[in-house]
Amino acid sequence: MKKIILSVSVLIVSGLAANAQLFPRAKCTTLVGEAMFGERPDTVKSRGMADNYHTWEAGSELLVKFMPGGSKAVRDKVILNAKEWEKFANIRLKFVPDNAGFTHLRIKLGAGMGHNSAVGTEASFRQQTEQTINFDTLAFADGDYYLARVKKKGIQPPYTFDHLRKEMKEDPNHWNIPEIRRVVMHEFGHALGLLHEQSYPEAVNWKKTDSIYQYYYETQGWEKDQVDFNVFEVGSRFYTNGTKYDPKSIMHYSINAWETTNGYAVKNNFELSAGDKVLIAALYPKPNTSGVKVVPKVNISNFTKLDVSYDPVRGGLVIKPAFDLKTNSKLGEVYFVARIANAEGYYFKTASKYYNWGGALATYLKINLTPNSKVIYNKDTKGRMELFFPLNMYPELYGQKIRVAFAVYLDDVANNQMDKLMYFSATNPLSIPSKSF
Ligand SMILES: [Zn+2]
């Protein structure tokens, strides 16, 4: 039950822009998950080409908005290139105004944030106030153009991002169009559930030397564990969805020959490959398409609320999450788990035999998945489901502030993928009334 705490949901795009080598690379400021809950999505085991546990439901319309910032010129380019995926996937990206309430994906355009995205439905684990995709607009600039301006002024190297920023201010809107296209399609690939192609088993023989770690530290600002995770990690158990290793994939990092034991190198790809189109069509099949290999998967979607109430008669907490659970040809077992944490988000430890999930005070339900089914929980009179936590057995919790963390885990026995976190969210602190005896 032990989980590795990693800044997963955040896969960083690598590959320096052709122009960026002239300027120091913006440091990667990978968002770190809510580690206080001690258990965050762990996609390590499912690294590979696609994370089949976190794809959206085929046919979905995903609402997308921009967080404050970013010019219209850049926003328009992001929208145009993101929508390239719609041609091949049965999914719609609907860009809504900045002040829209609920959205599935939120884009932050900024300098120095790096490029990264939550993988697929892991975006649902984030707060509505938090972005799910970051684009570093400095890396979108036409570096050659601005460098020429700097040189023309007689400024001597080293050239820094401050030079670039100054020139962009004086003469805005010179963009590296192919680079924007490459990065936007890559990050939206993650947003649809795709993973890095170089993680394909035995595809790349990395030379794991100090010089590689040094290189990624200098160019990306990554510590050793981030290099291990972002670059080297290869899922030994994951889905390739029957596709072959595809060095032309938009999801492939660029690799220098000196980084590999056999001189293998990959250049940046600027377009979706044939393999990308096949894979995304299998994950999000369009209606009435024949001959497309449909991928078995389970979706959790439309999570609308996590309702927790105190029932004085039963002496406990009634926990009612509302969401949709859909499967296609998939078999497996899911666990709905509600763990009890203090106001700061730390789980209460327990040695209880019954109300225990991985050592944390919890209550849970096990459900067998029926293939090709859809259950809508707690939204109408049919799909009622509740988790009950007996406070009476833990009287020390009365009068305290607690948080309830709800998670869904999937055991996919057929594919030897156990304990996959499908969903996670937590309530704000709730006050438990004092018990009146
Ligand atoms: Zn990436």
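A. Fine view of the overall build of the protein. Across its full length, the protein carries 7 helices and 16 strands. Put simply, the protein has 437 residues, and 56% of those count as buried. When the accessible area of the protein is evaluated, it comes to approximately 19000 Å², of which 54% is carbon and sulfur surface.

B. Spatial organisation of the coordination of the zinc ion. The coordination sphere of the zinc ion contains the protein donors His186 (NE2), His190 (NE2) and His196 (NE2), at a distance range of 2.0 to 2.1 Å. The class of His190 is buried, set by a relative accessible area of 0%.

C. Just helix 2 (residues 143-152), in detail. When we look at burial in helix 2, the residues that qualify are Gly143, Tyr146, Leu147 and Val150. Taken down its axis, helix 2 places every buried residue within 105 degrees of arc, on the same side. Immediately beyond the C-terminal end of helix 2, within one or two residues, lies Gly154, with a positive phi of roughly 80 degrees.

D. Main features of the packing of helix 2 against helix 3 (residues 161-170). One can describe the packing of helix 2 onto helix 3 by two numbers: an axis separation of 10 Å at closest approach and a directional angle of 95 degrees. The angle between helix 2 and helix 3 falls in the class roughly perpendicular. Contacts from Tyr146, Arg149 and Val150 in helix 2 reach His163, Leu164, Glu167, Met168 and Glu170 in helix 3. Among the residues forming the contact of helix 2 with helix 3, the class breakdown is 4 nonpolar, 1 polar and 3 charged.

E. Region of interest: the environment of Asp324. Within the secondary structure, Asp324 is located in strand 8 (residues 316-327). Here the alpha-carbon distance between Asp324 and Lys379, two residues 55 residues apart in the chain, equals 9.0 Å. With residues up to four places along the chain from it excluded, the contact list for Asp324 reads Asn299, Ile300, Ser301, Asn302, Lys374, Val375, Ile376 and Lys379. Within the structure, the side chain of Asp324 is placed 2.8 Å from the side chain of Asn302, a separation counted as a polar contact.

F. Geometry of the nonpolar core. Counting residues in each nonpolar core, the largest one holds 46 residues, and the members touching the most others are Leu317, Phe323 and Phe336. Contributing elements (two or more residues each) for this core: strand 7 (298-311), strand 8, strand 9 (332-342), strand 11 (360-369), strand 13 (387-389), strand 14 (401-412) and strand 15 (417-426). It is strand 14 that provides the largest number of residues to this core, a total of 8 residues. Ignoring sequence-local partners within four residues, the contact set of Leu317 consists of Val308, Ser309, Tyr310, Ile340, Leu387, Phe388, Phe389, Leu391, Ile402, Val404 and Ile432. By size, the runner-up hydrophobic cluster in this structure holds 41 residues, among which are Ala118, Phe135, Leu138 and Ile280.

G. Just the side chain of Thr327, in detail. Among the secondary structure elements, Thr327 is positioned in strand 8. Note on Thr327: relative accessible area 4%, which makes it buried.

H. Up close: unusual backbone geometry. A cis amide bond, omega 5 degrees, links Pro157 with the succeeding residue Pro158. Position of Pro158 relative to the elements: it lies in the loop between helix 2 and helix 3. Of note in this structure, Asn173 is not a glycine but carries a positive phi near 70 degrees. As for its position among the elements, Asn173 is in the loop between helix 3 and helix 4 (177-191).

I. How the structure looks around the pattern of salt bridges. Taken as a whole and assessed by the stated rule, the structure comprises 22 salt bridges. Across the pair Arg75 and Asp98 runs a salt bridge whose closest N-O atoms are separated by 2.9 Å. Placement of Arg75 in helix 1 (residues 72-82) and of Asp98 in the loop between strand 3 (92-95) and strand 4 (105-110) is noted, with a sequence separation of 23 residues between them.

J. Structural detail: the confidence of the model for the protein. Here the protein averages 80 in pLDDT, while 83% of its residues score no lower than 70. Within the protein, strand 3 carries the highest mean pLDDT (98), whereas strand 1 (residues 11-12) carries the lowest (28). For the stretch residues 1-48, pLDDT sits under 50, and the model shows 179 contacts to residues farther than four places along the chain or on other chains.

K. Highlighting the packing of aromatic side chains. For the coordinates displayed, the defined rule picks out 20 aromatic pairs. Ring plane angle 85 degrees and centroid distance 6.0 Å describe the contact between Tyr310 and Tyr398, whose orientation is recorded as edge-to-face. Pair noted here: Tyr310 is in strand 7 and Tyr398 is in the loop between strand 13 and strand 14, with a separation of 88 residues, a long-range link. Since its relative accessible area comes to 29%, Tyr310 is described here as partly exposed. Residue Tyr398 is classed as buried on the basis of its relative accessible area, which comes to 10%. Pairing Tyr335 with Trp357 gives two aromatic rings, centres 5.4 Å apart and planes at 50 degrees, and the pair type is tilted. Here the residue Tyr335 occupies a position in strand 9, and Trp357 occupies one in strand 10 (residues 356-357), the gap between them amounting to 22 residues. Take Tyr335 and Trp357: they sit in the same class, and that class is buried. An aromatic cluster is built from Phe125, Phe303, Phe323, Phe336, Tyr377, Phe406 and Tyr423, whose rings are joined through pairwise contacts.

Basis of the calculations
- By convention here, each chain's residues receive numbers from 1 onward along its written sequence.
- Selection of residues for local features in this predicted model requires a pLDDT of at least 70, selection of side-chain atom pairs for listing and counting requires 80 or more, and totals for whole chains, interfaces and linings are taken over all residues.
- As a rule here, side-chain values cover all heavy atoms of the structure and leave hydrogens and water aside.
- For helices the rule is a DSSP run of H or I covering at least 4 residues; for strands it is a run of E covering at least 2, with both sets numbered from the N terminus onward.
- Note on exposure labels: buried denotes an accessible area under 20% of the residue type's maximum, exposed denotes more than 50%, and partly exposed covers the range between, all computed with a 1.4 Å probe on protein chains only.
- Surface accessibility in these figures is a Shrake-Rupley result with a 1.4 Å probe; residues are shielded only by whichever protein chains are displayed.
- Coordination here is defined by N, O and S atoms within 2.8 Å of the metal (3.2 Å for Na, K and Ca), and since water is not considered, a site can look incomplete.
- Working definition: the arc comes from the directions between the helix axis and the C-beta atoms, pointing outward to the latter.
- Angles here are taken between N-to-C directions and fall from 0 to 180 degrees, while the axes themselves are lines fitted to C-alpha atoms, restricted in helices to the stretch in contact.
- Between 65 and 115 degrees an angle is taken as roughly perpendicular, under 35 as roughly parallel, over 145 as roughly antiparallel, and anywhere else as oblique.
- Whether two residues touch is decided by their heavy atoms; if any such pair falls within 4.5 Å, the residues are in contact.
- Classes in brief: Ala, Val, Leu, Ile, Met, Phe, Trp, Tyr, Cys and Pro nonpolar; Asp, Glu, Lys and Arg charged; the others, Gly included, polar.
- Any pair of N or O atoms that falls within 3.5 Å is considered a polar contact. Within protein, one atom must be able to donate a hydrogen and the other to accept it, and sequence-neighbouring residues count only if both atoms are side-chain atoms.
- For the purposes of this section, nonpolar cores are sets of buried Ala, Val, Leu, Ile, Met, Phe, Trp, Tyr and Cys residues that join through side-chain atoms within 4.5 Å.
- Salt-bridge detection follows one rule: a side-chain nitrogen of Lys or Arg within 4 Å of a carboxyl oxygen of Asp or Glu.
- The predictor reports its confidence for every residue as pLDDT, a score running from 0 up to 100.
- Only Phe, Tyr and Trp rings take part, Trp by its six-membered ring, and two of them pair if their centres are within 6.5 Å. Stacked means planes under 30 degrees apart, edge-to-face means over 60, and tilted covers everything else.

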